[in-house]
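Working through the structure, step by step
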Amino acid sequence: MTTAPSQRVAVIGVGIMGSAITRRLLECGHRVHVFDLDTEKAAALVALGAQAAGTAQAAAAASDFVITSLNSAAVVERAIFGEAGIAAAPADTRRLLIDMSSIDPPSTRRLAQSLRERTGMGFVDAPLSGGAPKALLGQLTVMAGGSEHDVARARAVMDSLCANYTRMGENGAGQATKLVNQLLCAIGFQAVAEAVRLAEAGGVDASKLPAALAGGRADSQILREFGPKMAARDFTPTGRIDNMLKDLEAVQAFAQGERLPLPLAGAVSELHRTFVAAGLGAEDTAAMMRQFSGYARD
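Described in the following lines is the structure provided in the data block. Bear in mind the structure is a predicted one, so any value in this text is a computation, not a measurement.

Section: the pairing of strand E8 (residues 140-145)
- Along E8, five of the six residues are buried, which leaves the element largely enclosed by surrounding structure.
- In terms of strand pairing, strand E7 (residues 128-129) meets E8 through two bridges, oriented antiparallel. Paired with serine 129 across the strands is threonine 141, a residue of E8.
- Two strands pair when backbone bridges link them, and E8 and strand E9 (residues 162-169) are joined in this way by six bridges, in the parallel orientation. Residue valine 142 lies in a different strand from E9, and its bridge partner there is tyrosine 165.

This is how it looks when you write it as structure tokens:
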């Protein structure tokens, strides 16, 4: 548990990740205002001690740190610059926006510059790895982009959420690092799914794979976390397949702009498009196992 001083924090977007972030911040003693277009999601957090705000503007006005956890660059932009958005709060150069969404680096750089020019607010892109389970434990890995000053300031909140918080460069660098992370994860998820199914076909109890391979070169966090889930066909939500596809498409767009040949990125992107086309987009990553049963629901 963190011993850092209590901070006034707004969380804009309280889906799976935003809710976990909010719960952790409340547990650590921070004062949290929440806003989401889905008022029921916000209400569940109010019951735990958060305060609901009627708009993103109101949440930001009551806070020194504003965390956004949203699904796309367009949604982040609306939350910041739309009607009653974050930028409409009374100007305060001490206020810092921490975008924990996963969006493309060029959009991040544009939004950060516009926010500074219009309001004087700082901006840190802080995409994460570890999902809701690690957020609840305060063990996220966060790759940060922004000025040295802003990234250091964000520690007042990030230290409650992260086990690994690293400045990667100026605005956009955090999101570029997240693309690297997502590419490695997507390939890893597919590799573990295939390994589990191969083990099953060979008469092996696939749930034992993490223990059997521990310490060897095939060992990985993805194998340890998702091997048992995939073996048990446990599709409890931890992250959505369609969100991974969004990130993979950002990887491809960046690679195409740089004329980078990334054959595995192309293959795993097409697999995720197939999953989404089969109706699995809203399901957990572990539901990739349905590719081996004709995408049939269990």
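Focus on the pattern of salt bridges
- The final tally for this structure, using the stated rule, is 17 salt bridges.
- Notably, a salt bridge pairs glutamate 270 with arginine 273, separated by 2.4 Å at the nearest N-O pair. Linking glutamate 270 with arginine 273, this pair stays in helix H13 (residues 263-277), spanning three residues, or about one helical turn.
- In this structure arginine 273 comes out as partly exposed when scored by relative accessible area, which is 26%.
- Among the ionic contacts, a cluster of salt bridges with common partners joins Glu148, Arg167 and Glu170.

Observations concerning the packing of aromatic side chains
- The tally for this structure, following the rule as stated, stands at two aromatic pairs.
- Between the aromatic rings of phenylalanine 189 and phenylalanine 226, the centroid separation amounts to 4.8 Å while the plane-to-plane angle is 65 degrees, which identifies the pairing as edge-to-face. Here phenylalanine 189, found in helix H9 (residues 173-201), pairs with phenylalanine 226, found in helix H11 (residues 221-232); they are 37 residues apart in sequence, far enough to count as distant.
- Residue classification places phenylalanine 226 among the buried positions, given a relative accessible area of 6%.
- Its end group placed over the ring of phenylalanine 81, arginine 118 keeps NZ or CZ at 4.2 Å from the ring centre.

A word on the nonpolar core
- Judged by nonpolar contacts, the single largest core of 33 residues is most densely connected at Ile67, Met100, Met158 and Leu161.
- No other element matches the five residues that helix H1 (residues 16-27) contributes to this core.
- Every residue in contact with leucine 161, bar those within four places of it in the chain, is listed here: Ile21, Arg24, Leu25, Ile67, Met100, Lys134, Gly138, Gln139 and Leu140.

Let's talk about unusual backbone geometry
- Its identity is not glycine, yet arginine 233 carries a phi of approximately 55 degrees, on the positive side.
- Following the sequence through the fold, arginine 233 ends up in the loop between H11 and helix H12 (241-258).
- A positive phi angle, near 55 degrees, is found at arginine 259, a position not held by glycine.
- Taking the relative accessible area as the measure of exposure, arginine 259 reaches 79% and is therefore exposed.

Parameters and conventions
- Sequence order sets the numbering: in each chain, residues are counted from 1 along the sequence as written.
- Where totals are concerned, whole chains, interfaces and linings use all residues; where local detail is concerned, this predicted model gives features only for residues with pLDDT of at least 70, and gives and counts side-chain atom pairs only at 80 or more.
- Side-chain numbers come from the whole structure's heavy atoms, not from hydrogens or water.
- Whether a residue is buried, partly exposed or exposed follows from its accessible area with a 1.4 Å probe, protein chains only, as a fraction of its type maximum: under 20%, in between, or over 50%, in that order.
- Under the scheme used here, helices are H or I runs from DSSP no shorter than 4 residues and strands are E runs no shorter than 2 residues, and both carry numbers assigned from the N terminus.
- For two strands to pair, DSSP has to find at least two bridges joining them.
- The salt bridge criterion pairs a side-chain nitrogen of Lys or Arg with a carboxyl oxygen of Asp or Glu, the two atoms within 4 Å.
- Stacked, tilted and edge-to-face are the three classes applied to pairs of Phe, Tyr and Trp rings, where Trp contributes its six-membered ring and a pair requires centres within 6.5 Å; stacked means planes under 30 degrees apart, edge-to-face means over 60, and tilted covers the rest.
- The rule is short: NZ of Lys or CZ of Arg within 6 Å of the ring centre and within 35 degrees of the ring normal puts a charge over the ring.
- Nonpolar cores were defined as sets of buried Ala, Val, Leu, Ile, Met, Phe, Trp, Tyr and Cys residues, with membership established by side-chain atoms within 4.5 Å.
- By definition in these notes, contact holds between two residues if any of their heavy atoms fall within 4.5 Å.

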